[in-house]
Amino acid sequence: MQLSDASRIIAGAILLTIVTIQIGGWFMTKIVRGDVPMTDFQKSFARAGHGHAGVLVILSLVGLLYVDQTGLTGFPLWLGRLGIPVAAILMSGGFFASSAGKGLTKPNQFIWVLWLGALSLAAGVVTLGLGLITA
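Residues numbered from 1 in each chain as written. Predicted model: local features only at pLDDT ≥ 70, side-chain atom pairs only at ≥ 80, totals over all residues. Heavy atoms only, no water.

The name given to the protein in an unreviewed UniProt entry is Integral membrane protein, with Kribbella koreensis as the source organism.

### Observations regarding helix H4 (residues 111-134)
Over its 24 residues, H4 extends 35 Å from the first C-alpha to the last, a length consistent with the 34 Å expected when each residue adds 1.5 Å. Considered for burial, the residues of H4 that qualify are Val-113, Leu-114, Gly-117, Ser-120, Leu-121, Gly-124, Thr-127, Leu-128 and Gly-131. Of the surrounding elements, those touching the buried residues of H4 are helix H2 (40-67) and helix H3 (74-97). (Helix = DSSP H or I, 4+ residues; strand = E, 2+ residues; numbered from the N terminus. Expected span 1.5 Å × (residues − 1). Buried < 20%, exposed > 50% of the residue type's maximum accessible area, 1.4 Å probe, protein only. Contact = heavy atoms within 4.5 Å.)

### A closer look at the side chain of Ser-99
Note that Ser-99 resides in the loop between H3 and H4. For Ser-99, a relative accessible area of 8% puts it in the buried group. Those residues in contact with Ser-99 that lie beyond four places of it in its chain are Phe-41, Gln-42, Phe-45, Leu-104 and Asn-108.

### Observations regarding the side chain of Arg-81
As for its placement among the helices and strands, Arg-81 is situated in helix H3. At 3.1 Å, the side chain of Arg-81 and the side chain of Ser-4 are in polar contact. Beyond its immediate chain neighbours, meaning those up to four positions away, Arg-81 contacts Ser-4, Ala-6, Ser-7, Ile-10, Leu-64, Val-67 and Asp-68. (Polar contact = N/O pair within 3.5 Å; in protein donor to acceptor, adjacent residues only side chain to side chain.)

### Section: the UniProt feature "transmembrane region" (unreviewed entry) in the protein
Feature annotation in UniProt assigns "transmembrane region" (unreviewed entry) to the following positions: residues 6-27, 48-66, 78-98 and 110-133. As annotated, residues 78-98 comprises 95% helix and 0% strand, and the C-alpha atoms at either end are separated by 28 Å. (UniProt positions renumbered as here; feature names shortened; annotations may be inferred.)

### Some points on the pattern of salt bridges
As enumerated under the stated definition, the model contains 3 salt bridges in all. Arg-33 is paired through a salt bridge with Asp-35; the nearest N and O atoms lie 3.1 Å apart. Residue Arg-33 is classed as exposed on the basis of its relative accessible area, which comes to 53%. For Asp-35, a relative accessible area of 46% puts it in the partly exposed group. Ionic pairing is found between Asp-68 and Arg-81, a salt bridge with its closest N-O pair at 2.7 Å. Remark: Arg-81 occurs in helix H3 and Asp-68 occurs in the loop between H2 and H3; sequence separation between them is 13 residues. For Asp-68, a relative accessible area of 21% puts it in the partly exposed group. (Salt bridge = Lys/Arg side-chain N within 4 Å of Asp/Glu carboxyl O.)

### Some remarks on the packing of H2 against H3
Across the interface, H2 lies against H3 with an axial gap of 7 Å and an inter-helix angle of 170°. The orientation of H2 with respect to H3, classified from their angle, is roughly antiparallel. Residues that form the contact of H2 with H3 fall into these classes: 17 nonpolar, 6 polar and 1 charged. (Axes fitted to C-alpha atoms, helices over the stretch in contact; angles between N-to-C directions. Parallel < 35°, antiparallel > 145°, perpendicular 65-115°, else oblique. Nonpolar A, V, L, I, M, F, W, Y, C, P; charged D, E, K, R; others polar.)

In C-alpha cells, the structure reads:
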C-alpha cells in the first residue's frame, strides 16, 4: 500500500497536530485540578472537545491509508481525503468555542461550528466508505 504525495503530506501535517492535543491534555489536567474556574457544562464540553480531537485525528490517519485505494477522483477524492481531518478541527473547535465565556451553562452562538464539523465528518466517511465499496 503506497500513499499518494497528497495523502502523505496531509498525514504528516495531521501527525504534527498531535502536539496541540497534548497541550490540550495538559490544560485538561489544570481544569480537573480546579486551577481553571469552569462550570460543569464548560468542563464537559472541554472533555468532549479534547476527546473528539484525539479520536478524529486518529480516524483521519486511518482514512488516508484507504483513500488512495479507492477509484475516487476530483472533488469526491478530496472530500474523502479531507472530510475527516476538517471535522476534527471543526468539531473540537465547536465544543471549545461554544463553551467559551465566563460562567456559561449552555452553548453560545458558536455551536454551529460543531454541527458544521459533524456534517464534514458524515460527508467524509460516507464518501470514503462508498469509494472503498465501489473500488
